[in-house]
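If you want the building blocks of each chain, they are given just below.
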Amino acid sequence: MSPLAFNAIVTGALLVAAGLAPFLAPGAARSAAAAFPRSVWPGRVLAAVAVTWFAYLLLQEKMAFIEERRFIVYLGAPLVYLAAVFLMDEMLSVRALGAVLLLLPQPLLDAAFFHDHPSRLAVTVFAYALVIVGCVLVWSPYRFRQAAAALERMPVLRRGLGAGIVAFGALLLALGLFWY
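Residues numbered from 1 in each chain as written. Predicted model: local features only at pLDDT ≥ 70, side-chain atom pairs only at ≥ 80, totals over all residues. Heavy atoms only, no water.

**Q** How would you summarise the overall build of the chain if you had to cite specific residues and measurements?
**A** Each helix and strand in the chain was counted, giving 10 helices and 0 strands. In the chain, the order of α-helices and β-strands from amino to carboxyl end is α-α-α-α-α-α-α-α-α-α. C-alpha atoms of the chain, sized along the principal axes, occupy 55 × 45 × 20 Å. Just so you have it, the chain exposes about 10,900 Å², and 75% of that area is on carbon and sulfur atoms. Taken as two groups, the 13 positive and 8 negative side-chain charges of the chain have centres that lie 12 Å from each other. (Helix = DSSP H or I, 4+ residues; strand = E, 2+ residues; numbered from the N terminus. Areas by Shrake-Rupley, 256 points an atom, 1.4 Å probe, with all protein chains shown as cover. Lys, Arg positive; Asp, Glu negative; His and termini not counted. Charge placed at Lys NZ, Arg CZ, Asp CG, Glu CD.)

**Q** Tell me about helix α8 (residues 120–139), and please be specific about residues and values.
**A** Along its 20 residues, α8 runs 29 Å from first to last C-alpha, staying within 8% of the 28 Å computed at 1.5 Å per residue. Those residues of α8 lying buried are A122, V123, T124, F126, A127, L130, G134 and L137. Residues of α8 that are buried sit in contact with α1 (3–24), α6 (92–103), α7 (105–113), α9 (142–153) and α10 (155–179). (Expected span 1.5 Å × (residues − 1). Buried < 20%, exposed > 50% of the residue type's maximum accessible area, 1.4 Å probe, protein only. Contact = heavy atoms within 4.5 Å.)

**Q** Requested: an account of the nonpolar core, with residues and values cited.
**A** Ranked by internal contacts, the top residues of the largest apolar core, which has 19 residues, are L4, L108, V123, F126, L130 and Y180. Broken down by secondary-structure element, the contributors of at least two residues to this core are α1, α6, α7, α8 and α10. Looking at this core element by element, the count peaks at 6 residues for α8. Apart from residues no more than four positions distant in its own chain, L4 is found in contact with A111, A112, H115, R120, V123 and Y180. (Core = buried A, V, L, I, M, F, W, Y, C linked by side-chain atoms within 4.5 Å.)

**Q** I'd love a proper account of the packing of α6 against α8, names of residues and values included.
**A** Where α6 contacts α8, the axes come no closer than 7 Å and their chain directions differ by 155°. As far as their axial angle goes, α8 and α6 are roughly antiparallel. As for the relative orientation of α6 and α8, their crossing is left-handed in sense. Facing V94, R95, L97, G98, A99, L101 and L102 of α6, the residues of α8 in contact are L130, V131, V133, G134, C135, L137 and V138. Looking at side-chain class alone, the contact of α6 with α8 contains 11 nonpolar, 2 polar and 1 charged residues. (Axes fitted to C-alpha atoms, helices over the stretch in contact; angles between N-to-C directions. Parallel < 35°, antiparallel > 145°, perpendicular 65-115°, else oblique. Left-handed = near helix turned anticlockwise from the far one by under 90°. Nonpolar A, V, L, I, M, F, W, Y, C, P; charged D, E, K, R; others polar.)

Dropping the structure here:
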């Protein structure tokens, strides 16, 4: 199985699960979306994932500056996490989700880079969409609450968005299972 197939299968399965949530449990999905921006523990966990992942990626770089100062990464990562938790606790969960979304495209783009078929562009476009959403969530976390409120007022749009996410996830699953 190629790295692109693996990434497409995992991403497709996650998208199908995320897209089906509003259909299978609409009340729970609404309450989770409303409570998420102020949730403390999801924010701390997502921030830990983002900081750890970033430190790992930074340590993988083969740059002389980083090689000579690895101790700064080892010391700085926990300090950055503590600073984020204690100094940016306002809507930390949304900001940390945005940071994770900014890091997610890296393995997707790395896997798609070596695949030569034009269908890899589905993964590439999705990766860049994740970057845009991640930038917006880090930069303006209140947009998450506005989007959740807008989707709450328009159930047809919410169902359509869920169906679109499920359809794109199914496409990625099919590409990963049968094409890549």
